[in-house]
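# Close look at the chain arrangement
The residues making up each chain are set out below.
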Amino acid sequence: MFYYVLKYVLIGPLLKLLFRPRVEGLEHVPEEGAAIVAGNHLSFSDHFLMPVVLSRRITFLAKQEYFTGPGLKGRLTAAFFRSAGQIPVDRSGKEAGQAAIREGLGVLAKDELLGIYPEGTRSHDGRLYKGKVGVAVMALTAGVKVVPCAMLGTFEIQPPGRVLPRIRRVTIRFGEPLDFSRYAGMAGEKAAVRAVTDEIMYAIMSLSGQEYVDEYAAKVKAAGTARGPEKFPEAER
């Protein structure tokens, strides 16, 4: 219930007023039944702007850190994400990944929309990074279609390191649903889930126009951090 209060009363109208989101391809999001919406992840603002433009409720797998932050800010953030029905995900290893997949499949089993960012973390430089295969495992296991989504302009309004977003218009673009029924029964095969994941990332890239990097964002980000903050000046804007 509180999800809809946030969306239609407390936050949604303000976000629409400030950022005037331009929505393209909304007809590609199914009006009923289970489906995965897989998007690029450029900004903390993505968590709020995509749900605002959808008529259906969407549940995201959100990183566990949003639920365990220290201090007043951490408690407020955790309360918000819990109230919005988002699911905390531990990203620290293979077993954690399996738990996230189980949580996602639980959402799909209820014929709901599941939102996921296949990159696994926000892009630190605005480029699109290699997707993790969890999205493919869930799509093949549940037998559902994947709707690719591109957020445009959210990196510019709130790049990593910026607390308050700039007030600018953004675009949210949905692509045609991807059908992977030809891979039915292959959720446990590495080559199949990699192929499905890469197809999803290609669709997102085509919608967003981003430069693609065939490496995991977390790995590249960690390497940049080890060399010092000057590696990624965008994060200091």
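What you are looking at is a predicted structure, and each value in this text was computed from that prediction instead of being measured. (Residues numbered from 1 in each chain as written. Predicted model: local features only at pLDDT ≥ 70, side-chain atom pairs only at ≥ 80, totals over all residues. Heavy atoms only, no water.)

## A short note on the overall build of the chain
Within the chain, the regular secondary structure consists of 10 helices and nine strands. Rg of the C-alpha trace for the chain: 17 Å, near the compact-globule value of 18 Å for 237 residues, within the 12% margin. On the principal axes, the C-alpha backbone points of the chain span a range of 45 × 45 × 35 Å. In the chain, which comprises 237 residues, the proportion classed as buried is 47%. The long-range fraction of contacts in the chain, counting pairs at least 24 apart against all pairs at least 6 apart in sequence, stands at 78%. For the chain, the accessible surface area stands at approximately 11,800 Å², while carbon and sulfur atoms represent 56% of it. In the chain, the 32 positive side-chain charges and the 25 negative ones have mean positions that sit 6 Å from each other. (Helix = DSSP H or I, 4+ residues; strand = E, 2+ residues; numbered from the N terminus. Rg over C-alpha atoms; globule rule 2.2 N^0.38 Å. Buried < 20%, exposed > 50% of the residue type's maximum accessible area, 1.4 Å probe, protein only. Contact = heavy atoms within 4.5 Å. Areas by Shrake-Rupley, 256 points an atom, 1.4 Å probe, with all protein chains shown as cover. Lys, Arg positive; Asp, Glu negative; His and termini not counted. Charge placed at Lys NZ, Arg CZ, Asp CG, Glu CD.)

## Structural notes on unusual backbone geometry
One non-glycine residue with positive phi stands out, namely Arg20, at about 40°. Positionally, Arg20 belongs in the loop between helix H2 (12–19) and strand S1 (22–24). Of note in the backbone geometry, Asp111 takes a positive phi value of approximately 60° without being a glycine. With respect to the secondary-structure elements, Asp111 resides in the loop between helix H6 (94–109) and strand S5 (113–116).

## A few points about the pairing of strand S8 (residues 171–174)
As a general feature of sheets, a regular strand has side chains that alternate between the two faces. Pairing between S1 and S8: three bridges, direction parallel. Note that in S8 the partner of Val23 across the bridge is Ile172. For strand S7 (residues 146–152) and S8, the ladder comprises four bridges, and the chain directions are antiparallel. Bridging across to S8, Cys149 finds its partner in Phe174. (Pairing = 2+ DSSP bridges.)

## A look at the sheet that holds S7
Neighbouring strands of a sheet are bound in pairs by backbone hydrogen bonds; such pairs are parallel or else antiparallel. One open sheet holds the seven strands; their spatial order is S1-S8-S7-S2-S5-S3-S4, and the pairing between them is mixed. One side of each edge strand has no neighbouring strand; the edge strands of this open sheet are S1 and strand S4 (87–89). Direction aside, the axes of adjacent strands within the sheet are offset by 25° on average. (Axes fitted to C-alpha atoms, helices over the stretch in contact; angles between N-to-C directions.)

## Brief notes about the environment of Arg122
For Arg122, the position within the fold is in the loop between S5 and strand S6 (128–129). Between the alpha carbons of Arg122 and His41 there is a distance of 4.9 Å; along the sequence they are 81 residues apart.

## Considerations on helix H7 (residues 134–142)
Looking at H7, one finds that the buried residues are Val135, Ala136, Val137, Met138, Ala139 and Leu140. Phi turns positive, to about 65°, at Gly143, one or two residues after H7.

## Considerations on the confidence of the model for the chain
Mean pLDDT over the chain works out to 88, with 92% of the residues at or above the 70 mark. Under a pLDDT of 50 for its full length, residues 227–237 has, in the predicted model, 19 contacts with residues more than four places off or in other chains. (pLDDT = per-residue confidence, 0-100.)

## Some remarks on H2
Of all the positions in H2, only Gly12, Leu15 and Phe19 are classed as buried. Buried residues in H2, looked at end-on, bunch into an arc of 65°, giving them a common side. Summarising the contacts, the buried residues of H2 are in contact with helix H1 (2–10), helix H3 (46–53) and helix H8 (154–157). In the segment just after H2, Arg20 is the residue with positive phi, at about 40°. (Arc of directions from axis to C-beta.)

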